[in-house]
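Tertiary structure, described
The residues making up each chain are set out below.
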Amino acid sequence: MTSLTYRDAGVDIEAGDALVDAIKPLARSTDRPGTMGGLGGFGALFDLKAAGFRDPVLVSSTDGVGTKLKLAIDSGIHGFVGQDLVAMCVNDLVVQGAEPLFFLDYFATGKLDVAQAASVVGGIAEGCRIAGCALVGGETAEMPGLYKGGDYDLAGFTVGAAERDALLPRADVGPGDVLLGLASSGVHSNGYSLVRRILEGTNLTLASPAPFASGQSVAEALLAPTRIYVKPVLALHKAGKLKAAAHITGGGLPGNLPRVLPAGVVAVLDAAAWTVPPVFAWLARAGNVAAEEMLRVFNCGLGMVLVVAADDAEAATAMLAEAGETVFRIGALAAGEGAAAVRIDNLREGWPA
């Protein structure tokens, strides 16, 4: 009887070792104060005292990239989804006033392609550098029979910390506060099941010139990575000018903004106050998607919404713009009844097309 090996069953231990060797320099490039040791241990260590915290509260988050991965797999463009993975986690930390400290990833596939996986992890490392957190470890799982062809899936896990007396949202959020919207880099990482359904109804392929992004293919435009807002938002928070923040992901503005508002408050937004990127107008038109559904599924051009005092709005806008953000004054908080809610005015017929 022939002696079977793990490789015969579809799992290549040597490929896994080769991937670890390939990504060690990427992980080292994300080191920050507080990191201890490197890849290869059974667990990762982090020193909060060395990171400068006096009375820290730990804040954690986990997320994935969703079916945006299908576009990466079908197009062979794998270098951006890693940043998406980091962004979806760290943007959820910063809205609670927390600084992301370290990140771990989970990469699962049917047959490990070292070059493909290294490209994905390269994007993860880039996202960690942008966010200022360390890539301290992760897991690569080769599972033949569960995933087919070149398919893979990603999950991310991050831990941050905030001083106990600096957690967001603040208790003084209320009527009269101003809402500032930070521009998104595109669709980010939500709604791609609908995006893909819309694409199926057109004559476009992933290699076609994008009708909504000059000089890019459909795949390149739709794979633009999620913007990471950590450093500008933390700087505004440390300056004492941030009351609350909402990461605009699945559920859009109506689903995410109320999560950081107290009862009895309504966020009144002006749909004409911010620039909606062309990709959203194209999606609405090509898919015949109603404005209310667009706002419920997509970020529609705003990746983050910040709540600031009216007296701080001008200074906050200047700080964020100097940090490289495109900032829109999109509305204000008003008194309401019952649970926190969102009202969006000036939604003309066919918006945003």
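So, how was this worked out
Every chain begins its residue count from 1, and numbering advances along the sequence as written. Local features in this predicted model are restricted to residues of pLDDT 70 or higher, and side-chain atom pairs are both shown and tallied only at a pLDDT of 80 or more, whereas totals for entire chains, interfaces and linings draw on every residue. Side-chain metrics rest on all non-hydrogen atoms present in the structure, leaving aside hydrogens and water. Helix and strand assignments follow DSSP, with helices taken as H or I runs no shorter than four residues and strands as E runs no shorter than two, numbered in order from the N terminus. Whether a residue is buried, partly exposed or exposed follows from its accessible area with a 1.4 Å probe, protein chains only, as a fraction of its type maximum: under 20%, in between, or over 50%, in that order. Cavity means a closed set of points on a 1 Å grid over the protein atoms alone, one where a 1.4 Å probe fits but cannot get out, pocket means an open set with protein on both sides within 12 Å along at least 5 of 7 lines, and lining means a residue has an atom within 4 Å of a point. Grid points are joined across faces, edges and corners, and a volume is the space filled by probe spheres set on the points. Amino acids are sorted into nonpolar (Ala, Val, Leu, Ile, Met, Phe, Trp, Tyr, Cys and Pro), charged (Asp, Glu, Lys and Arg) and polar (every other residue, Gly among them). UniProt positions are given in the numbering used here, feature names are shortened, and annotations may be inferred rather than shown by experiment. Throughout, a contact is declared for two residues whenever any of their heavy atoms are within 4.5 Å. Paired strands, as defined in this entry, are two strands with at least two bridges between them according to DSSP. Simply put, an axis is a line fit to the C-alpha atoms, just over the touching stretch for a helix, and the angle between two N-to-C directions goes from 0 to 180 degrees. Each angle is binned into one of four classes, with values under 35 degrees roughly parallel, values over 145 roughly antiparallel, values of 65 to 115 roughly perpendicular, and all other values oblique. For a crossing to be left-handed, the near helix must be turned anticlockwise from the far one by less than a right angle; the clockwise case is right-handed. Where each domain starts and ends comes from a domain assignment, either automatic or drawn from a database. What counts as buried area is the accessible surface, traced by a 1.4 Å probe, that two parts surrender upon association, with contributions from both included. By definition, a salt bridge exists where a carboxyl oxygen of Asp or Glu is found within 4 Å of a side-chain nitrogen of Lys or Arg. A 3.5 Å cut-off defines polar contacts: any pair of N or O atoms within that distance qualifies, except that in protein one atom must be a possible hydrogen donor and the other a possible acceptor, and neighbouring residues in sequence count only when both atoms are side-chain atoms.

**Quick look at the environment of Gly201**
- Assignment of secondary structure puts Gly201 in the loop between helix 5 (192-200) and helix 6 (218-222).
- By relative accessible area, Gly201 is classed as exposed at 69%.
- C-alpha separation for the pair Gly201 and Asp55, spaced 146 residues apart in sequence, amounts to 54 Å.

**Some thoughts on the layout of surface pockets**
- Considering only enclosed or pocket space, the second largest pocket measures out at about 250 Å³ in volume.
- Contributing to the lining of the second largest pocket are 15 residues, with Asp92, Val95, Gln96, Arg259 and Val260 lying nearest its centre.
- Residues belonging to the lining of the second largest pocket are distributed by class as follows: seven nonpolar, six polar and two charged.

**Notes on the UniProt feature "domain: PurM-like C-terminal" (unreviewed entry) in the chain**
- UniProt marks residues 174-338 with the feature "domain: PurM-like C-terminal" (unreviewed entry), using the numbering shown here.
- Note that residues 174-338 is 33% helix and 19% strand, and that its end C-alpha atoms are spaced 14 Å apart.

**Comments concerning the environment of Asp63**
- Relative to the helices and strands, Asp63 resides in strand 3 (residues 56-63).
- Distance in space between the C-alpha atoms of Asp63 and Val90 is 9.6 Å, their sequence separation being 27 residues.
- The residues touching Asp63, leaving out its near neighbours within four places in the chain, are Leu85, Met88, Cys89, Asp92, Ala155 and Gly156.

**Considerations on the pairing of strand 10 (residues 302-308)**
- The element strand 10 is extensively covered by neighbouring structure, given that seven of its seven residues are classed as buried.
- As paired strands, strand 7 (residues 178-183) and strand 10 are joined by six bridges and run antiparallel to one another. For Ala183, the partnering residue across the bridge sits in strand 10 and is Leu302.
- Relative to strand 10, strand 8 (residues 244-247) runs antiparallel, the two sharing four bridges. The residue bridging Ala244 from the neighbouring strand is Val307, located in strand 10.

**Brief notes about the sheet that holds strand 5 (residues 134-142)**
- Taken together, the four strands give an open sheet; going across it, the order is 3-6-4-5, and neighbouring strands pair in mixed fashion. One side of each edge strand has no neighbouring strand; the edge strands of this open sheet are strand 3 and strand 5. Averaged over all adjacent pairs, the angle separating strand axes in this sheet is 15 degrees, with direction ignored.
- Here ten bridges tie strand 4 (residues 99-109) to strand 6 (residues 152-163), and the two strands are oriented antiparallel to one another.

**Some remarks on the side chain of Gln116**
- Here Gln116 lies in helix 4 (residues 114-131).
- Apart from the residues within four sequence positions on either side, Gln116 is in contact with His78, Phe107, Gly150 and Tyr152.

**Examining the packing of helix 1 (residues 13-28) against helix 4**
- Between helix 1 and helix 4, the least distance of the axes is 10 Å, while the angle of their chain directions is 25 degrees. On the basis of their axis angle, the class for helix 1 and helix 4 is roughly parallel. Where helix 1 crosses over helix 4, the handedness of that crossing is right-handed. Between helix 1 and helix 4, the contacting residues are Ala15, Ala18, Leu19, Ile23 and Leu26 on the first element and Val114, Ala117, Ala118, Val121, Gly122, Ala125 and Arg129 on the second.
- Along the lines of polarity and charge, the residues of the contact of helix 1 with helix 4 split into ten nonpolar, one polar and one charged.

**Looking at the domain arrangement of the chain**
- Taken domain by domain, the chain holds domain 1 (6-40 + 54-163) and domain 2 (177-345).
- On a C-alpha basis, the centroid separation for the pair domain 1 and domain 2 is 25 Å.
- Every contact between the two is made by 30 residues of domain 1 and, on the other side, 28 residues of domain 2.
- Across the interface of domain 1 and domain 2, roughly 2400 Å² is buried in total on both sides, 71% from carbon and sulfur atoms.
- The tally of links from domain 1 across to domain 2 stands at zero salt bridges.
- Joining domain 1 to domain 2, the criterion identifies ten residue pairs in polar contact (both at pLDDT 80 or more).
- Mapped onto the side of domain 1 that touches domain 2, the elements with two or more residues apiece are helix 2 (68-75), helix 3 (81-94), strand 4 and helix 4.
- For the side of domain 1 that touches domain 2, the element with the most residues is helix 3, which contributes ten residues.
- Considered class by class, the residues forming the side of domain 1 that touches domain 2 number 16 nonpolar, seven polar and seven charged.

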